[in-house]
Amino acid sequence: MNRLKEFSDIFPRILKFQILTHLLFIFIILPSYFYIRTFIVSLNKLSVIDNTELLRFVFSPLGIILLIISLMVIFFYFLVELSGLILLTSSYQKERLEPSFITILKESIKLIPKFLNKSIIVISFYFLLLIPITSSVLGFNLFKKFNIPNFIFREIIKNPIYLIIYSLIVIIFYYLFIKAIFTFHYILIKKEKSSTAIKKSFNLINDNFKDFFDTFILRILKYLIIFLIIFFLSIFIINFTKNISKELFTYSIIFLLVIKNIILTTIILIFIPLEIKFLTDKFYEYTKINKRLVVKEKDKYNIIDKIFSFKKTLIFTFISMLILLNVLFIFVPNFFNNSFKTKLIIGHRGGEGVENSLGAIKNSIDKRIDYVEIDIQRTKDNYYIVNHDKTFKRVAGINKSASDMTLKEIKKISLRGEEKIPEINEVLKLSKNKINLFIELKGKTADKKMVDDIVKLVKKEKMEKQVVFISMRYSVIDYLKTRYKEFKTGFIYFLFLGDMSKIKADYMLFSEDFVTENHIEQIHKHNKKAIVWTVNSPDSMKKYLDSAVDGIITDRVNDILRLKEKLDIRSDKDLVYDLLESSLLDKSNS
């Protein structure tokens, strides 16, 4: 109880520090970083660095410079955030004035030399691995773009060996994280070097493992119970109000949305500082240091300090502002409008059936979906066939690539169900006036020659309006859009560096991991369409059918059509219910 009372006393200082820190990064650090990143990319003489160029760029001198700058920005954020919270919680004394924000920044910058040794490599490597490896388990993190992509994570879950290895790695990393948890306390309070601080943190946890573990588990259980109570209460309210009046139902959901956003904001602004305070108290308890850290006080309080000194007024204003902003956001018409867009349904690799086969495309034609996506590669004798992988090993047991074989040799290959590998000419003739095509220019043979040859074939069939050319190689898209302006194009990516406004593509095709409101908003802002791939789970299908994306690529055409038909006949009340429930419970929007 005393700790909570002390935390409530120090909270205005912490809140002010966090607001100032986030303002510093949002309005100064991050815009500067993005400007520098764009400038460095432009020096590479490429407007966009795509997936195929990314590895080469990273190991180039410019790429190494950008990587170092990126790591410095991330490291500086952690340094300022952690050191500031530790300084505030460890130096707090009622009778003393707080340190100024500038003082905390100076103290944080002073720490940098302590990391300029071999330990910085260990710490950087640790954080770079910890974020993506563990975030896929947690499902919620501040660096969502850096987590393991969903399509890779699904493969890990499917394979028991991969899952065991992955689980062991996660356990090891969390164990190391707990062991090194007092590193920054040793650096800030005891003025130790980073390498020494890591060792001493390990020893301190070893000496007090039982007490720390018991306390830590107890805290986790408390938070888990609170979360479960809120979660099940939300589910109960949603289902209860669904069966009563539409007005009460809508207002109940809006209320829950507001509460959800307040809780998430509270986690960031209160939960993390509270845990830092807990760790700081434990550090003093375990090390038996009686004297608190002394940090230079500010000379006098200013008007901002006086505002933040009124705790009750501050908390009331803070919650009122959150409620007002959330309610205004919810009533913005765009909140609902995005979900009424017609979604393109695109059959992945031809749709259901043997992938990239005429049979799969025929099935998609029968289902009357909008598009099928196919992959084309060039043969040894300059013909174009439809195949996804680098070789035919997975689909036919032949470990050779299309470019190593002639068309005659490839035509002898039998796929599952006695299907044959089709030529692009066969696909065009089958699809003409029946179904539209996303044609991916694939692999090492995706070049200007491929563009010229395929465009010629499409024009011969008079199918210009039926075809969208897509590729992971931005140079191919750039060439195509520059020379053949009449064609629609799409850029496929896991990650790219560059200015979206300079991308000469009509469609942006990205994996589920990039589906955020902000990312889709940026795509639409530049008059492009957002296509998400590859969506196969029922939950994901429902989520994206009710989202702002313009199209969905899937292997399971039958499933998504059945679901779409079911969703299309929803009543207005059910539609609002689904939209708001998704917004309330969906972790990826967090």
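Reading the values: the criteria
Residues numbered from 1 in each chain as written. Predicted model: local features only at pLDDT ≥ 70, side-chain atom pairs only at ≥ 80, totals over all residues. Heavy atoms only, no water. Helix = DSSP H or I, 4+ residues; strand = E, 2+ residues; numbered from the N terminus. Buried < 20%, exposed > 50% of the residue type's maximum accessible area, 1.4 Å probe, protein only. Contact = heavy atoms within 4.5 Å. Areas by Shrake-Rupley, 256 points an atom, 1.4 Å probe, with all protein chains shown as cover. pLDDT = per-residue confidence, 0-100. Core = buried A, V, L, I, M, F, W, Y, C linked by side-chain atoms within 4.5 Å. Patch = residues over 30% accessible without salt bridge, like charges linked within 9 Å, V, L, I, M, F, W, Y side chains within 5 Å. Salt bridge = Lys/Arg side-chain N within 4 Å of Asp/Glu carboxyl O. Expected span 1.5 Å × (residues − 1). Polar contact = N/O pair within 3.5 Å; in protein donor to acceptor, adjacent residues only side chain to side chain. Axes fitted to C-alpha atoms, helices over the stretch in contact; angles between N-to-C directions. Parallel < 35°, antiparallel > 145°, perpendicular 65-115°, else oblique. Left-handed = near helix turned anticlockwise from the far one by under 90°. Nonpolar A, V, L, I, M, F, W, Y, C, P; charged D, E, K, R; others polar. Pairing = 2+ DSSP bridges. Right-handed = clockwise from strand over helix to strand, strands pointing away. Phe/Tyr/Trp six-rings, centres within 6.5 Å; stacked < 30°, edge-to-face > 60°.

Enquirer: Is there a simple way to explain the overall build of the chain in this structure?
Expert: Regarding its fold elements, the chain presents 24 helices and 11 strands. Taken over 590 residues, the chain has a buried fraction of 46%. Here the contacts in the chain between residues at least 6 apart in sequence split such that 65% fall between residues at least 24 apart. Total accessible area on the chain stands at roughly 31,500 Å², and carbon and sulfur atoms take up 64% of it.

Enquirer: In this structure, what is going on with the confidence of the model for the chain? I would like to understand it.
Expert: The predicted coordinates ought not to be read in detail in places where the model reports low pLDDT. On average, residues of the chain carry a pLDDT of 81, and 74% of them reach 70 or more. At the low end of the mean pLDDT range in the chain sits helix α14 (residues 334-337), at 46; at the high end sits strand β5 (residues 436-441), at 98. In this model, residues 330-337 is a region of pLDDT below 50 whose contacts with residues beyond four sequence positions or in other chains number 13 contacts.

Enquirer: How should I be thinking about the nonpolar core in this particular structure?
Expert: Inside soluble globular proteins, nonpolar side chains tend to come together where they are buried. Counting 59 residues, the largest nonpolar core has Ile439, Leu441 and Phe469 as its most contacted members. The next biggest cluster of nonpolar side chains, apart from the first, holds 35 residues, and it includes Ile10, Phe76, Phe101 and Leu111.

Enquirer: What should I look at first to understand a nonpolar patch on the surface in this one?
Expert: There is a patch of nonpolar side chains on the surface, built from Tyr175, Phe209, Phe213, Ile217, Leu221, Leu224, Phe227, Leu228, Phe231 and Phe232 and spanning about 930 Å² of accessible area. Ranked by residues supplied to the nonpolar patch, first place goes to helix α10 (residues 209-242) with nine residues. Within the secondary structure, Phe213 sits in helix α10. Using a relative accessible area of 39% as the deciding quantity, one classes Phe213 as partly exposed.

Enquirer: Before we go on, may I ask you to explain helix α7 (residues 160-179) in this structure?
Expert: The α-helix advances 3.6 residues per turn, and as a result positions three or four apart in sequence lie on the same side. Across its 20 residues, α7 extends 28 Å between first and last C-alpha, which sits within 8% of the 28 Å expected from 1.5 Å per residue. Turning to α7, its buried residues number three or more, namely Tyr166, Val170, Phe173 and Lys179. The backbone nitrogen of Ile161 has a side-chain oxygen 2.9 Å away, supplied by the residue at the start of α7, namely Asn159.

Enquirer: What exactly am I supposed to notice about the pattern of salt bridges here?
Expert: Should their charged atoms come close, side chains of opposite charge can pair. Counting across every chain of the model gives 22 salt bridges. Linking Lys282 and Glu285 is a salt bridge whose minimum nitrogen-to-oxygen distance equals 3.5 Å. One end of the pair, Lys282, and the other, Glu285, are both in helix α11 (residues 246-287), three residues apart, so they sit about a helical turn from each other. Here the salt bridges do not stand alone but share partners, grouping Arg349, Glu355, Asp389 and Arg394 into one network.

Enquirer: What exactly am I supposed to notice about unusual backbone geometry here?
Expert: Peptide bonds are, in most cases, trans, and in most cases residues other than glycine have a negative phi. Phi at Asn356 takes a positive value of approximately 55 degrees, unusual for a residue other than glycine. When you line up the elements, Asn356 lands in the loop between β2 (344-347) and α15 (358-367). One non-glycine residue, Asn433, lies in the positive phi region at around 60 degrees. By secondary structure assignment, the location of Asn433 is in the loop between α18 (424-431) and β5. Given a relative accessible area of 70%, Asn433 falls into the exposed group.

Enquirer: What's the story with the packing of α15 against α18 in this structure? I'm lost.
Expert: Relative orientation and spacing of two packed helices are given, respectively, by the angle between their axes and the distance between those axes. For the pair α15 and α18, interaxial distance at closest approach is 11 Å and the crossing angle is 15 degrees. Comparing the axis directions of α15 and α18 gives the class roughly parallel. Taken as a pair, α15 and α18 cross one another with a handedness that is right-handed. Residue-level contacts link Leu358, Ile361, Lys362 and Ile365 of α15 to Glu426, Val427, Leu430 and Ser431 of α18. Class assignment of the residues belonging to the contact of α15 with α18 gives a composition of five nonpolar, one polar and two charged.

Enquirer: Explanation requested: the side chain of Thr445 in the structure shown.
Expert: As for its placement among the helices and strands, Thr445 is situated in the loop between β5 and α19 (448-460). With near-sequence residues (within four places) excluded, Thr445 lies in contact with Gln377, Arg378, Ser403 and Met450.

Enquirer: It is not clear to me how the pairing of strand β10 (residues 529-533) should be interpreted in this structure. Could you clarify?
Expert: Every regular strand shows the same layout, with side chains that alternate between the two sheet faces. Burial analysis of β10 places four of its five residues in the buried class, the great majority of the element. Of the pairings in the sheet, the one linking strand β9 (residues 507-511) to β10 comprises five bridges and is parallel in character. Each residue of the ladder has a partner; that of Tyr507, found in β10, is Lys529. Between the parallel elements β10 and strand β11 (residues 551-554), the chain passes through helix α22 (residues 538-545) in a crossover that is right-handed.

Enquirer: So what exactly am I meant to see when it comes to the packing of aromatic side chains here?
Expert: To describe a pair of aromatic rings, you give the distance between the ring centres and the angle between the ring planes. Counted by the stated rule, this structure contains 18 aromatic pairs. Ring geometry for Phe182 and Phe212: centres 5.9 Å apart, planes at 70 degrees, overall edge-to-face. With a gap of 30 residues between them, Phe182 in the loop between α7 and α8 (183-189) and Phe212 in helix α10 connect regions that are remote in the sequence. The pair Phe182 / Phe212 is uniform in exposure class, with both members buried. Geometrically, the ring pair formed by Tyr186 and Phe283 is edge-to-face, given 5.0 Å between the ring centres and 90 degrees between the ring planes. Placement of Tyr186 in helix α8 and of Phe283 in helix α11 is noted, with a sequence separation of 97 residues between them. One exposure class covers both Tyr186 and Phe283, and it is buried. By the ring-pair criterion, three or more aromatic residues cluster together here, those being Phe182, Tyr186, Phe212, Phe278, Phe283, Tyr284 and Tyr286.

Enquirer: Got a minute to help me understand the packing of α7 against helix α9 (residues 194-207) in this structure?
Expert: Two elements in contact, α7 and α9, have axes separated by 8 Å at closest approach and are oriented at 95 degrees. One finds that α7 runs roughly perpendicular with respect to α9. Facing Leu176, Ile178 and Lys179 of α7, the residues of α9 in contact are Ser201, Phe202, Ile205 and Asn206. When its residues are assigned to classes, the contact of α7 with α9 shows four nonpolar, two polar and one charged.

Enquirer: In this structure, what is going on with the pairing of strand β7 (residues 488-493)? I would like to understand it.
Expert: For β7, the buried fraction is high: five of the six residues fall into the buried class. Sheet analysis places strand β6 (residues 467-471) next to β7, joined by four bridges and oriented parallel. Note that in β7 the partner of Ile470 across the bridge is Gly490. As defined by bridge partners, β7 adjoins β9 across four bridges and the pair is classed as parallel. Directly across from Gly490, in β9, lies its bridge partner Tyr507.

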